[in-house]
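Chain residues, written in single-letter form:
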Amino acid sequence: MKYIILFLFFSVLIGLGIGFYIKPEDESSGNLIIGLSLMVGIFILMPLFIYHRWKDKSVNDYMLTKENIEKMKAYQKDKKI
């Protein structure tokens, strides 16, 4: 998964670079390449990256529940001593 994400990231960067390079000569083709690169980045790369980063995490660890607030208060008391 990591290598797929890296490959897509560099592909999007290269696509953007090519699009901006071609744009002064042929504006419609340059805009097409830039647009396709952005669409791949937004609709494919970003969801894959978010899934990869969150797949083994528990959402409850990041929510402000009563238990987590008590843990933070206990940690602050221990830290001051």
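An account of the accompanying structure is given in this report. Predicted model only: the values in this text are computed from it and were never measured.

This part takes up helix H1 (residues 2–22). For H1, which comprises 21 residues, the first-to-last C-alpha distance of 30 Å matches the rise-based estimate of 30 Å (1.5 Å per residue) to within 8%. Listed in full, the buried residues belonging to H1 are Ile5, Leu8, Val12, Gly15, Leu16 and Gly19. Projected down its long axis, H1 shows its buried positions confined to an angular sector of 100 degrees, all on one face. Seen from the buried face of H1, the exposed residues on the opposite side, beyond 90 degrees, are Lys2, Tyr3, Phe7, Ile14 and Tyr21. Residues of H1 that are buried make contact with helix H2 (27–54).

In this model, H2 (28 residues) spans 39 Å end to end at C-alpha, consistent with the 40 Å of a helix rising 1.5 Å per residue. Taking the largest bend as the criterion, H2 deviates by roughly 35 degrees, centred on leucine 45, and proline proline 47 comes between one and four positions later. Turning to H2, its buried residues are Gly30, Ile34, Ser37, Gly41 and Leu45. Elements that come into contact with the buried residues of H2 comprise H1.

Structurally, serine 37 is set in helix H2. Beyond its immediate sequence surroundings of up to four residues, serine 37 is in contact with Val12, Gly15 and Leu16.

Now for the side chain of asparagine 68. Tracing the sequence through the fold places asparagine 68 in helix H3 (residues 66–80). A residue is classified by how much of its surface remains accessible, and asparagine 68, at 14% relative accessible area, is buried. A polar atom in the side chain of asparagine 68 sits 3.0 Å from the backbone oxygen of asparagine 60. If we skip the residues at most four places from it in the chain, asparagine 68 touches Asn60, Asp61 and Met63.

A separate point is the packing of H1 against H2. With their axes 8 Å apart at the nearest point, H1 and H2 run at an angle of 160 degrees to one another. Taken together, the axis directions place H1 and H2 in an arrangement best described as roughly antiparallel. Two packed elements cross with a definite hand, and for H1 against H2 that hand is left-handed. Looking at side-chain class alone, the contact of H1 with H2 contains 17 nonpolar, seven polar and one charged residues.

The rules behind these values
- Residues numbered from 1 in each chain as written.
- Predicted model: local features only at pLDDT ≥ 70, side-chain atom pairs only at ≥ 80, totals over all residues.
- Heavy atoms only, no water.
- Helix = DSSP H or I, 4+ residues; strand = E, 2+ residues; numbered from the N terminus.
- Expected span 1.5 Å × (residues − 1).
- Buried < 20%, exposed > 50% of the residue type's maximum accessible area, 1.4 Å probe, protein only.
- Arc of directions from axis to C-beta.
- Contact = heavy atoms within 4.5 Å.
- Bend = angle between axes of the 7 residues up to and from the residue.
- Polar contact = N/O pair within 3.5 Å; in protein donor to acceptor, adjacent residues only side chain to side chain.
- Axes fitted to C-alpha atoms, helices over the stretch in contact; angles between N-to-C directions.
- Parallel < 35°, antiparallel > 145°, perpendicular 65-115°, else oblique.
- Left-handed = near helix turned anticlockwise from the far one by under 90°.
- Nonpolar A, V, L, I, M, F, W, Y, C, P; charged D, E, K, R; others polar.

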